[in-house]
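Single-letter residue listing:
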Amino acid sequence: RRVCVESPLAPSGHEDLWARGLRHGLNRDFASAAAILIPQIEQLVRGVLKRHGVHTLFVDSYGVESEKSLSSLLAMSETAQILGESLQFELQATLIEQNGPNLRHNTAHGLLDDSQAWSASSVYVWWLCMRLVVVPLWNMTRSANDEASEGGDAPTPPGDASGTPSPH
């Protein structure tokens, strides 16, 4: 839970849900992880966009404001600029493309079956969520260590940290 609370990308008020979803994945319960985390990704994207001043609402013909769906948010040019094209593509390909796993739609509408719940796509989305929470926190810690040691050698995270959006 602490990692989710301290991570700049885990949405405020959603930290327990993120922690539970990540813990389910660590326990190889990817069906439960998907059920929790996939809906939370939309709030994460929305929050990052709002922090960058992007308007995430649309107004219908009656003047009623509603939040844009994940597919609408990911289609915005600002999303590619803020999240990076690579992360935008990963989210679109795994969560909303009908020619892909379409995990968001299938999860939201009860269409996620047993085989898809434990598929490579579900594992990948869990790993992507782990990366979204951990890498920005790792980078913050590394930056703080660099400043404290006045340019000393700070450890680098394993793997490629590119494509993770800036929290600010």
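Nothing here was measured: the structure is a model prediction, and the numbers come from that model.

The rules we used
- Residues numbered from 1 in each chain as written.
- Predicted model: local features only at pLDDT ≥ 70, side-chain atom pairs only at ≥ 80, totals over all residues.
- Heavy atoms only, no water.
- Salt bridge = Lys/Arg side-chain N within 4 Å of Asp/Glu carboxyl O.
- Helix = DSSP H or I, 4+ residues; strand = E, 2+ residues; numbered from the N terminus.
- Buried < 20%, exposed > 50% of the residue type's maximum accessible area, 1.4 Å probe, protein only.
- Expected span 1.5 Å × (residues − 1).
- Contact = heavy atoms within 4.5 Å.
- pLDDT = per-residue confidence, 0-100.
- Axes fitted to C-alpha atoms, helices over the stretch in contact; angles between N-to-C directions.
- Left-handed = near helix turned anticlockwise from the far one by under 90°.
- Nonpolar A, V, L, I, M, F, W, Y, C, P; charged D, E, K, R; others polar.
- Polar contact = N/O pair within 3.5 Å; in protein donor to acceptor, adjacent residues only side chain to side chain.
- Disulfide = S-S within 2.5 Å.
- Phe/Tyr/Trp six-rings, centres within 6.5 Å; stacked < 30°, edge-to-face > 60°.

Asks: Just checking my understanding: could you explain the pattern of salt bridges for this structure?
Replies: Side-chain pairing between opposite charges can occur once the charged atoms of the two side chains come close. The full count for this structure, using the stated rule, is seven salt bridges. For the salt bridge of Asp16 with Arg1, the shortest nitrogen-to-oxygen distance reads 2.2 Å. A residue pair is termed long-range when its members are at least 10 positions apart, and Asp16 in helix α2 (residues 15-26) and Arg1 in the segment before α1 (2-6) qualify at 15 residues. We classify Asp16 as partly exposed; its relative accessible area is 41%. Arg1 sits in the exposed class, given a relative accessible area of 54%. With a closest N to O distance of 2.8 Å, Glu67 and Arg46 form a salt bridge. Taken together, the residues span a long stretch of sequence, with Glu67 in strand β2 (residues 65-67) and Arg46 in helix α3 (residues 30-51) at a distance of 21 residues. Connected through salt bridges with shared partners, the residues Glu42, Arg46, Lys50, Glu67 and Arg104 form a single ionic network.

Asks: I tried to follow α2 on my own but got confused; where do I start?
Replies: For an α-helix, 3.6 residues make a turn, and residues three or four places apart therefore share a direction. Taking 1.5 Å per residue as the helical rise, α2 with its 12 residues ought to reach 16 Å, and the 16 Å between its terminal C-alpha atoms agrees with that figure. Those residues of α2 hidden inside the fold are in contact with α1, α3 and α9 (120-148). Taken from the residues just after α2, Arg28 is the one with a positive phi, measuring 65°.

Asks: For this particular structure, what's the right way to read the confidence of the model for the protein chain?
Replies: Mean pLDDT over the protein chain: 89, with 89% of residues reaching 70 or higher. Summarising per-element confidence for the protein chain, the mean pLDDT is lowest in α9 (88) and highest in α2 (98). Here residues 154-162 is a poorly scored stretch, pLDDT under 50, and it has 13 contacts once near neighbours within four places are set aside; other chains count.

Asks: Please clarify how the packing of α2 against α3 should be interpreted in this entry.
Replies: The relative placement of two packed helices comes down to the angle between their axes together with the axis-to-axis distance. In the contact formed by α2 and α3, the axes pass within 8 Å of each other and the chain directions differ by 145°. Here α2 runs over α3; the crossing is left-handed. Mapping the contact onto sequence places Leu17, Trp18, Arg20, Gly21, Leu22, His24 and Gly25 in α2 and Phe30, Ser32, Ala33, Ile36, Leu37, Gln40, Ile41 and Leu44 in α3. Considering only residue class, the contact of α2 with α3 consists of nine nonpolar, five polar and one charged.

Asks: What is the right way to look at the side chain of Ser122 in this model?
Replies: Along the chain, the position of Ser122 falls in helix α9. Among the polar contacts listed, one links the side chain of Ser122 to the backbone oxygen of Ala117, at a separation of 3.4 Å. Every residue in contact with Ser122, bar those within four places of it in the chain, is listed here: Leu103, Gln116 and Ala117.

Asks: Honestly, the state of the cysteines in this entry has me stumped. Any pointers?
Replies: Here is the idea: a disulfide is a covalent bond, and it sits between the sulfur atoms of two cysteines. Counting across every chain of the model gives zero disulfides. Here Cys4 stays unpaired: no disulfide links it, and the sulfur of Cys129, its closest cysteine neighbor, is 9.9 Å away. Among the residues examined, Cys4 registers a relative accessible area of 3% and is labelled buried.

Asks: Please explain the packing of aromatic side chains as it appears in this structure.
Replies: How two aromatic rings sit relative to each other is set out by the distance from centre to centre and by the angle between their planes. Evaluated as defined, the whole model comprises two aromatic pairs. With a centroid separation of 5.7 Å and an interplanar angle of 70°, the aromatic rings of Phe30 and Trp126 are classed as edge-to-face. On the criterion of sequence distance, the pair formed by Phe30 in helix α3 and Trp126 in helix α9 is long-range, its members being 96 residues apart. Note on Phe30: relative accessible area 12%, which makes it buried. With a relative accessible area of 12%, Trp126 lands in the buried category. Taken together, a centroid distance of 5.5 Å and an interplanar angle of 40° make the contact between Tyr124 and Trp127 tilted. Taken together, the residues span about one helical turn, with Tyr124 and Trp127 both in helix α9 at a distance of three residues. Relative accessible area serves as the criterion here: at 39%, Trp127 is assigned to the partly exposed category.

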